[in-house]
Amino acid sequence: MVLMGDEVRQTQRGNNNAYCQDNELSWFDWSLVGKHADVLRFATLLIARRRLRNAEHERQRISLNQLLRRAKCSWHGVKLNQPDWSGHSHSVAFTAELQQEKMLLHLILNAYWEPLEFELPSLDSSGMWRRWIDTALDSPHDIVDWQSSPWVQGFNYRVEARSVVVLLADLE
């Protein structure tokens, strides 16, 4: 859940009931918009993508649990189809087929303190992965416009320490 001000790193000092405060705790600090323009840009691009989504499942009142059970997804570690579910693991990846949008999404989470090289799922001969998000990159390259994501070369992707990567591929 995103609260007002999160998009510019505004804090309510842990108070999640600031609606009853009429003081600096709940007022929006407009000076943070310029100070944290990179975070605002990131949030704006996430929201822009969300607005493009197909909301049919919401109209059908399908629960998240039902949606996930129907989804075609596979879990990975640094090696494809070999997720490490142990308590000391610091990374995981998964690939999901977004059937209605005719695309694949590959999410990589690296909470390890060193970079890790992740194998990428192979695509048919005409397909290539595109990088939408890589939180290790400096702004404005950390997230790009959904439709203009740059191509990813190779069969592996180096994910820097403590970062998230989202790759996309068209199914057509």
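The coordinates are above.
Residues numbered from 1 in each chain as written. Predicted model: local features only at pLDDT ≥ 70, side-chain atom pairs only at ≥ 80, totals over all residues. Heavy atoms only, no water.

Asks: How should the sheet that holds strand β1 (residues 72-76) be read in this particular structure?
Replies: Backbone hydrogen bonds are what pair the strands of a sheet, in a parallel or an antiparallel way. Strand order in the open sheet formed by five strands is β1-β2-β3-β7-β5, and the pairing between neighbours is antiparallel. The open sheet terminates on both sides in strands that have one partner only, identified here as β1 and β5 (130-134). In this sheet, adjacent strand axes meet at a mean angle of 15 degrees when their direction is disregarded. Where strand β3 (residues 103-110) meets strand β7 (residues 163-170), eight bridges bridge the pair, whose relative direction is antiparallel. Its bridge partner being in β7, His-106 is matched across the sheet by Leu-167. (Pairing = 2+ DSSP bridges. Helix = DSSP H or I, 4+ residues; strand = E, 2+ residues; numbered from the N terminus. Axes fitted to C-alpha atoms, helices over the stretch in contact; angles between N-to-C directions.)

Asks: Just checking my understanding: could you explain unusual backbone geometry for this structure?
Replies: Leaving glycine aside, a negative phi is the common case for residues, and trans is the common case for peptide bonds. In this model, Ser-139 is joined to Pro-140 through a cis peptide bond whose omega is 10 degrees. With a phi angle near 60 degrees, Asn-81 is a residue other than glycine that sits in the positive phi range. Here Asn-81 lies in the loop between β1 and β2 (91-98). In this model, Arg-162 sits at a positive phi of 50 degrees, which is unusual for a non-glycine residue. Tracing the chain through its elements places Arg-162 in the loop between β6 (156-159) and β7.

Asks: I keep staring at the nonpolar core and nothing clicks. Help me out?
Replies: Across soluble globular proteins, nonpolar side chains show a tendency to be buried alongside one another. In terms of nonpolar packing, the biggest core is built from 13 residues, with Ile-108, Leu-120, Trp-129, Tyr-157 and Leu-167 touching the most fellow members. Secondary-structure elements contributing two or more residues to this core are β3, β4 (116-119), β6 and β7. For this core, the element with the highest residue contribution is β7, accounting for three residues. With near-sequence residues (within four places) excluded, Ile-108 lies in contact with Val-92, Ala-93, Phe-118, Leu-120, Val-159, Ser-163, Val-164 and Val-165. (Core = buried A, V, L, I, M, F, W, Y, C linked by side-chain atoms within 4.5 Å. Buried < 20%, exposed > 50% of the residue type's maximum accessible area, 1.4 Å probe, protein only. Contact = heavy atoms within 4.5 Å.)

Asks: Would you explain the side chain of Ser-91 in this entry?
Replies: Tracing the backbone through its elements, the reader meets Ser-91 in strand β2. By relative accessible area, which is 14% here, Ser-91 ends up buried. Excluding residues within four positions of it along the chain, Ser-91 makes contact with Val-78, Asp-84, Leu-109, Asn-110, Leu-116 and Phe-118.

Asks: What's the story with the pairing of β5 in this structure? I'm lost.
Replies: Along any regular strand, the residues point their side chains to alternate faces of the sheet. Burial analysis of β5 places five of its five residues in the buried class, the great majority of the element. Pairing analysis gives four bridges linking β5 to β7, with the strands arranged antiparallel. Its bridge partner being in β7, Ile-133 is matched across the sheet by Val-166.

Asks: What should I look at first to understand the layout of surface pockets in this one?
Replies: Where empty space is left in the structure can be found by rolling a water-sized probe over the atoms. Size it by volume and the second largest pocket reaches roughly 210 Å³. Considering the residues around the second largest pocket, the lining is formed by Val-2, Leu-3, Met-4, Asp-6, Glu-7, Val-39, Leu-40, Phe-42, Ala-43, Thr-44, Leu-46 and Ile-47. The residue makeup of the lining of the second largest pocket, split by class, is nine nonpolar, one polar and two charged. (1 Å grid on protein atoms, 1.4 Å probe; cavity = no way out; pocket = protein on both sides within 12 Å on 5 of 7 lines; lining within 4 Å. Points joined across faces, edges and corners; volume = space filled by probe spheres on them. Nonpolar A, V, L, I, M, F, W, Y, C, P; charged D, E, K, R; others polar.)

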